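# Remarks on the overall topology
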Amino acid sequence: ARLGYAANGLLHLLIAWIGIQLALTERSETADQSGAFQTLAATAAGQVALWATGAGLVLLALWQLAEMVVRRAWAVRGKSLAKAVLYAVIAVSAIGTAQGGRPESPRQTRDLTHSLMNRPMGLVLVAVVGLVILAVAGYHVAKGWTARFLRDLAEHPPGWVIWLGRYGYIAKGVALAMVGLLFVVAAVRQRATESTGLDGAMRTLMDLPGGRVPLFLVAAGFAAYAGYSGARTRYARL
């Protein structure tokens, strides 16, 4: 679990770096996990870090599966299972990139949206996906605002850890809210191309009032979450 939290922190730090570069220079790297993995794959040292990140996320997925088995509350079991699947999917993406693949998350998201739209009640399914993501986004914002993440820590951490956790969770919630809104917009407009995942959400932030400032603040929040994940390797309640 501790190795997994470190790997998750590195992933968020890379997404933050790409987001900040996008805000400052409008560089074209994909501002999500696939862009982060491709950034690592560009150098020999990055390749080693990429394999380590993939392995760490596999370990974190296994830890969540263990949590699912030992916990009694069904809500906790469901959340642990969902996290295990998420970490496993991202780990497969990292390992695939390390082996020479080039995953493209925005296109995969559009393909998923298009596939859902072609099913019975497809537009409703896409809208439901968006609403679920919005609910998760709200959970992140509330968890950061109320500092409920302290329940995940074994002891009262230093003040800077609490600050990073607050900022990081709220920023992630804002980014996820944009992702959810894009799914809802895709359903309303009946256009799968409107759904572009985290990268599209980051770029949409640049179009908000204030220019690149909202994107910069959210990207900095991902860096804060990366710092919190790093601290969690020390303070996590296991």
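Residues numbered from 1 in each chain as written. Predicted model: local features only at pLDDT ≥ 70, side-chain atom pairs only at ≥ 80, totals over all residues. Heavy atoms only, no water.

Turning our eyes to something else, we now look at the overall build of the protein. What the protein contains, in helices and strands, is nine helices and zero strands. The burial tally for the protein puts 45% of its 238 residues in the buried class. Sequence-distant contacts in the protein: of pairs separated by 6 or more residues, those separated by 24 or more amount to 70%. Summing over all exposed atoms, the protein offers an accessible surface of approximately 11900 Å²; the carbon and sulfur share of this is 66%. (Helix = DSSP H or I, 4+ residues; strand = E, 2+ residues; numbered from the N terminus. Buried < 20%, exposed > 50% of the residue type's maximum accessible area, 1.4 Å probe, protein only. Contact = heavy atoms within 4.5 Å. Areas by Shrake-Rupley, 256 points an atom, 1.4 Å probe, with all protein chains shown as cover.)

In this section: the nonpolar core. Side chains of a nonpolar character, in soluble globular proteins, are inclined to be buried together. In terms of nonpolar packing, the biggest core is built from 40 residues, with Ile15, Leu198, Met202, Leu215 and Phe222 touching the most fellow members. Looking at this core element by element, the count peaks at nine residues for helix H1 (residues 2-25). By size, the runner-up hydrophobic cluster in this structure holds twelve residues, among which are Ala147, Leu153, Ala224 and Ala231. (Core = buried A, V, L, I, M, F, W, Y, C linked by side-chain atoms within 4.5 Å.)

Take helix H7 (residues 159-189) next. Along its 31 residues, H7 runs 45 Å from first to last C-alpha, staying within 8% of the 45 Å computed at 1.5 Å per residue. Gln190 lies just past H7 and shows a positive phi near 60°. (Expected span 1.5 Å × (residues − 1).)

Mean pLDDT over the protein works out to 84, with 89% of the residues at or above the 70 mark. Confidence, expressed as mean pLDDT per element, reaches its minimum in the protein at helix H5 (residues 105-117) with 66 and its maximum at helix H9 (residues 213-235) with 92. (pLDDT = per-residue confidence, 0-100.)

As a further point, take helix H4 (residues 74-98). The terminal C-alpha atoms of H4 lie 36 Å apart, and with 25 residues this matches the ideal 36 Å at 1.5 Å per residue to within 8%. Here H4 has its buried residues at Ser80, Ala84, Tyr87, Ile90, Ala91, Ser93, Ala94, Thr97 and Ala98. Considering only its buried residues, H4 is in contact with H1, helix H2 (33-40) and helix H3 (44-70). Directly after H4, the chain includes Gly100, whose backbone phi takes a positive value near 110°.

Turning our attention to the packing of aromatic side chains. According to the stated counting rule, one finds six aromatic pairs in the structure shown. Taking 5.3 Å as the distance between ring centres and 70° as the angle between the ring planes, the aromatic pair formed by Phe149 and Tyr228 counts as edge-to-face. Residue Phe149 is found in the loop between helix H6 (122-145) and H7, and its partner Tyr228 is found in helix H9; the two are separated by 79 residues along the sequence. What makes Phe149 buried here is its relative accessible area of 0%. Taking the centre distance of 6.0 Å and the plane angle of 50° together, the rings of Tyr225 and Tyr228 count as tilted. Highlighted residues: Tyr225 and Tyr228, both in helix H9, separated by three residues, approximately one helical turn. The exposure class assigned to Tyr225 is buried, which follows from its relative accessible area of 6%. Through pairs of rings, three or more aromatic residues link up here, namely Phe149, Tyr169, Tyr225 and Tyr228. The cationic tip of Lys172 hangs over the ring face of Tyr225; the distance from NZ or CZ to the ring centre is 4.5 Å. (Phe/Tyr/Trp six-rings, centres within 6.5 Å; stacked < 30°, edge-to-face > 60°. Lys NZ or Arg CZ within 6 Å of the ring centre and 35° of its normal.)

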